[in-house]
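Here is how the chains run, residue by residue.
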Amino acid sequence: MAGSDSRVPAFDRAFFGSEQTFTRIGGGSLGGKAAGLISIREALEGAFPGGAYGPVRVDIPRLTVLGTDLFDAFMDRNGLHEVALSERSDERIAHAFQKANAPAEALGDLRALADRVHSPLAVRSSSLLEDALRRPFAGVYETKMIPNNQPDAGERFQRLVEAVKLIWASTFFEGARTYRGVVGEADKSEKMAVIVQEVVGRRHGDRFYPDLSLVGRSFNYYPSGRSRPEEGVVNLALGLGKTIVDGGLCWGYCPVHPKAPPPFGSVAQLLDETQTRFWAVNMGAPPAFDPIAETEYLVEAGLAEAEYDGTLAHLASTYDAASDRLSPGTGRQGPRALNFAPLLDFSDIPLNDLVRRLLEVCEEGVGAEVEIEAAMTLPATRGEEARLGFLQVRPMVAPDEAVDIGTEEMTAPDLLVASTRAMGNGVEDGIQDVVYTKPDAFQAKLTRVVAREIEAANRELVALGRPYLLVGFGRWGSSDPWLGIPVTWSQVAGARAIVEASLPSMNVDPSQGSHFFHNLSSFQVSYFTVHHARDSDVIDWNWLAKQPAVAESELLRHVRLENPLLVRVDGRTGRGVVHARRKP
Amino acid sequence: MVRRNRAYNSFEMAQAQFDRVAEILELEGGTREILREPMREYAFSIPVRMDDGASKVFRGFRVQHNDARGPSKGGIRFHPQETMDTVRALAMWMSWKCAVVDIPLGGGKGGVVCDPHNLSAREQEQICRGWVRQIARNVGPLQDVPAPDVMTTPQHMLWMLDEFEAIHGQKLPGFITGKPVGLGGSLGRKEATGYGLVFTLREALKELDIRPQDTTASVQGFGNVCQYAIEMYLRIGGKVVCVSSWNQKEQKSYAYRRAAGIDLQELLDITDRFGEIEKDKAEAAGYEVLPGEKWLEQEVDILIPGALENQINADNVGRIASTVKIIAEGANGPTSPEADAVIHERGVFMIPDLLANAGGVTCSYFEQVQSNQNYYWSRDEVLGKLDRNMTAAFEAVAELAHSRKLYMRDAAYVIAVDRVARACRDRGWV
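**Notes on the domain arrangement of chain A**
Working step 1: Split into domains, chain A comes out as domain 1 (15–49 + 61–199), domain 2 (207–281 + 295–346) and domain 3 (409–579).
Working step 2: When each unit is reduced to the centre of its C-alpha atoms, the spacing between domain 2 of chain A and domain 3 of chain A is 28 Å.

Structure follows, in structure tokens:
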């Protein structure tokens, strides 16, 4: 799917002045992400005549792709294979890549790009394995945003080349290698194309960001309320999409029921659990030099800054303490809540219809359920147009195996876990290892320590080829360590089933992290939400505590079972169980 | 090994070339006069105590043709047949070459009448230091910046720099270019001329709407310029089917042909540091060994004369295959005026020496900038800028050739001479 594509013309050094919006530098494959965009481009052009949907301009932001031949040349000419496949740390690998020479045949084009373009650029991975069906590789490799606004073209060029080298290096970072290990792909079979793309957004002082980023999925493995899985799900966030992709707080809703009440018990809870921080490209004073950090040129800001920038008006509601209600917009004083109500409920901009149409078009184009990413700018002044920049499409994996779990099974005597809010679908019969956080020792302030211990256990179990059940408290993959255990996907990639349990002291709403959950479903990892106060939910801590430990720390315990567990999840009803197969 | 055809006076030829361009540009009398002759010429004696104790006096030159656009720039040649006229011609060409790639330098050239083959290292060092002692007040980072040229090396440049710094009591690495990397030299310098040639070739192919991967080339010479030109040409997708190289023992050149395409690394492994391919080993590796001049007759799309001057001339121009669409001149003056007329007539796309091999001087300029700052760039930085400058220069020349229906060589000269003439006028000299 990602072969060298003759439909993509060679880079035009005029870039923004060129008629070509999608070009390539160098030969070879353009990688999965770029291939996805190529294949969907025509469908989008057909579905949105004149590149518009009502008052919204719809396009794929201008981009060029560095083909995999350049990656090969970079690796070969600099002799980087050895360091890349060594046991050296990510940082050492990244430094070795930074020191190496980029292929000279691409430098002129990159130099011209830096000379001509003065606005932020996103430098993204587009590897051969990325986005292939059932191997989603989402969020495994790096994306680097660069402000590209330095007065000196030489500076801009240098930063651009550094960003490209970081993406190349990320092919061999530990997370990526572990991930490939899990999916049975050899490190040598991976090659990295790199997308250099215009960032959709607007400059507000020292910050550059889109008014909103969105991730839409046409199938929802984690439905809530009255929404059904096939109705899909949309996540919205102010600023760069990093908030959604990293599993931060954002606004999720079902596109078929955009006005359905949000899953919050109270306005206070909504205020607590909606987005209050956002990401932007830092256009201000140069940050500390750190070419191997993905966030080198990013800055996080709060709602006060967004309000100052004038970007909240379309997106936020205001809390009125007197009535304990939210009123759409920012016309009055009071705490702001990012619930996107002005845009979803009252705006002339048909955002939800547009997203549904995009999902339809992409689903048809790809021939499977899809996940899409986009960024939008809204009119700041009268007469200005809204713009949706379409960033990515990738196929999801839909459940194709029917599992039927009746009420009886939910109360079977040998249950280790039972949940009425299980996600995923299917049967798993080979797990003999359980890694769990000890309920009596768990504290929210120690989640980072737990994450590190889990990573070590995961590494060991992956190396042994032993799948495991992972049990912990709060949101898995949360970027906020107070809401759950802040692991990345690669740190738990060997788990075949995961339990998200709650405690009276860790009682948050279930996880929303897009990529984390995309990975769960794509790998068909079963996911159980077990609430401590819900009668139908079960977790047998006592039985676990009696099992012999392979390893144990203050916070974490790893036990190995005599008989394999039987994991069953019914994707249609959301029921899921883990049978311990013990003698009653 | 440089073989020369001295049937013509090179300075007269350079002046004739200039006169033609001056006509096209309709330059006024004063401007013609100042550009037709060098602004300054220095000729001096360099006494050297030889190893055998005898004293010998060598003749040295430095010519600064024009420095309206910036400090003069040009190499120093060690050659037994060096003449003031050769140096004058080469200084004038340097003015045009720097101007065509739009770097802020003027044209200069220097030399010493000597044959380094017959001199010990100590004697050569004395010549270098003597040359600098004679001219030290009239050259320097802000006046005139020498570089290596025929039979001079980075080692010679270091001796000259050392003497210059001793005289001035300062560290002045920007005085001279072509220094070794680590001692004031620039990364990317060794690749610069060859890569630069292919950057212009790549742009010419775009101009003709031909994909590099659909082309083949034949190359004359296998020295530094051609080796790197071939490397970059292969990287952009082309195929080299023939390359010629000088055979010192037999005092003649051979062309090595392989229809399926040469293997660059394989040939480099059997090539010495002067660019001589070992004939027997090439034959054993399956290359067809042909007389040297056969490089010109190959049925290819691109010819790259990258060795000597006057190689395509009235006698052999008729033997160029009808398939040839582009000639990219890696060497200086490889095409005689008579042959040039025939090539123009045939409609072959010419990338003239002035433009095609200007990557070297462009990188020398980068080296000087780095040396003056005493801050050195990464190779990526150097080669990125080189590509940008060469491409911009090509675009300007091709656009002028297109808009005024000029032959590429004429267009290159027109741009170059016009830039220098404007600088003279803007300064109020004429």
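**Thoughts on the interface of chain A and chain B**
Interfaces are often sized by the accessible area lost when the parts come together.
Working step 1: Across the boundary between the two partners, chain A contributes 15 residues, which contact 15 residues of chain B.
Working step 2: Those elements giving two or more residues to the side of chain A that touches chain B turn out to be helix H5 (104–116) and helix H6 (153–170) of chain A.
Working step 3: Looking at the side of chain A that touches chain B residue by residue, the class counts come to seven nonpolar, five polar and three charged.

**Some thoughts on the sheet that holds strand S10 (residues 212–217) of chain A**
All names here are of chain A.
Working step 1: With respect to topology, seven strands assemble into an open sheet ordered S2-S3-S19-S18-S10-S11-S12, the strand pairing being mixed. The open sheet is flanked by strand S2 (52–53) and strand S12 (251–253), the only strands paired with a single partner.
Working step 2: For S2 and strand S3 (residues 56–59), the ladder comprises two bridges, and the chain directions are antiparallel. Counterpart to Ala52 in the pairing with S3 is Arg57.
Working step 3: Each of S3 and strand S19 (386–395) is contacted by helix H1 (residues 31–47), which is oriented at about 125° to S19, the strand it contacts most.

**What to know about helix H12 (residues 359–373) of chain B**
Residues and elements named next belong to chain B.
Working step 1: Here H12 contains 15 residues, and its C-alpha end-to-end distance of 21 Å stays within 8% of the 21 Å for a straight helix at 1.5 Å per residue.
Working step 2: For H12, the buried fraction is high: twelve of the 15 residues fall into the buried class.
Working step 3: Of the positions making up H12, those classed as buried are Gly359, Gly360, Val361, Thr362, Cys363, Ser364, Tyr365, Phe366, Glu367, Gln368, Gln370 and Ser371.
Working step 4: Summarising the contacts, the buried residues of H12 are in contact with strand S3 (72–78), helix H3 (84–100), strand S5 (144–148), helix H6 (189–207) and helix H13 (379–403).
Working step 5: Count one or two residues on from H12 and you reach Asn374, which has phi positive near 55°.

**Some details on the environment of Val183(A)**
Working step 1: Structurally, Val183(A) is set in helix H7 (residues 174–183).
Working step 2: Sequence separation between Val183(A) and Asp290(A) is 107 residues; the distance between their C-alpha atoms is 31 Å.

**Considerations on the domain arrangement of chain B**
Working step 1: Partitioning chain B into domains gives domain 1 (40–185) and domain 2 (190–356).
Working step 2: A straight line from the C-alpha centre of domain 1 of chain B to that of domain 2 of chain B covers 30 Å.

**A few points about the pairing of strand S8 (residues 252–257) of chain B**
Working step 1: Most of S8(B) sits inside the fold, with five of its six residues counted as buried.
Working step 2: What sits between strand S7 (residues 239–247) of chain B and S8(B) in their antiparallel hairpin is a turn of four residues, with Gln251(B) showing a positive phi close to 55°.

**Topic: the pairing of S3(B)**
For a regular strand, the rule is simple: side chains alternate between the two faces of the sheet.
Residue and element names in this part refer to chain B.
Working step 1: Burial runs high along S3: seven of the seven residues are buried.
Working step 2: Relative to strand S4 (residues 106–112), S3 runs parallel, the two sharing five bridges. Across the sheet, Arg77 pairs through a bridge with Gly111, a residue of S4.
Working step 3: Regarding topology, H3 serves as the crossover connection from S3 to the parallel S4, and that connection is right-handed.

**Observations regarding the packing of helix H1 (residues 10–25) of chain B against helix H14 (residues 408–426) of chain B**
A pair of packed helices is characterised by two quantities: the angle between their axes and the separation of those axes.
Residues and elements named next belong to chain B.
Working step 1: Look at H1 against H14: their axes get within 9 Å of each other, and the N-to-C directions meet at 80°. Relative to H14, H1 is oriented roughly perpendicular. Taking contact as the criterion, the partners of Gln17, Phe18, Val21, Ala22, Ile24 and Leu25 in H1 are, on H14, Asp410, Tyr413, Val414, Val417, Asp418 and Ala421.
Working step 2: In terms of residue class, the contact of H1 with H14 is made up of nine nonpolar, one polar and two charged.

**Focus on the sheet that holds S3(B)**
All names here are of chain B.
Working step 1: Read across the sheet, five strands follow the order S1-S2-S4-S3-S5 without closing on themselves; strand pairing throughout is mixed. Both edges of this open sheet fall to strand S1 (40–49) and S5, since each of them pairs with a single strand only. The sheet shows a mean angle of 20° between the axes of neighbouring strands, taken without regard to direction.
Working step 2: Pairing analysis gives six bridges linking strand S2 (residues 55–66) to S4, with the strands arranged antiparallel. Bridging from a neighbouring strand, Val63 pairs with Lys109 of S4.

**Notes on unusual backbone geometry**
Working step 1: The phi torsion at Phe15(A) lies on the positive side, around 45°, for a residue other than glycine.
Working step 2: Residue position: Phe15(A) is located in the segment before strand S1 (22–25).

Parameters at a glance
Residues numbered from 1 in each chain as written. Chains lettered and ligands numbered in written order. Predicted model: local features only at pLDDT ≥ 70, side-chain atom pairs only at ≥ 80, totals over all residues. Domains from an automatic or database assignment. Contact = placed C-beta atoms within 7 Å. Helix = DSSP H or I, 4+ residues; strand = E, 2+ residues; numbered from the N terminus. Nonpolar A, V, L, I, M, F, W, Y, C, P; charged D, E, K, R; others polar. Pairing = 2+ DSSP bridges. Axes fitted to C-alpha atoms, helices over the stretch in contact; angles between N-to-C directions. Expected span 1.5 Å × (residues − 1). Buried ≥ 20, exposed ≤ 12 C-beta atoms within 10 Å, placed from the backbone. Right-handed = clockwise from strand over helix to strand, strands pointing away. Parallel < 35°, antiparallel > 145°, perpendicular 65-115°, else oblique.

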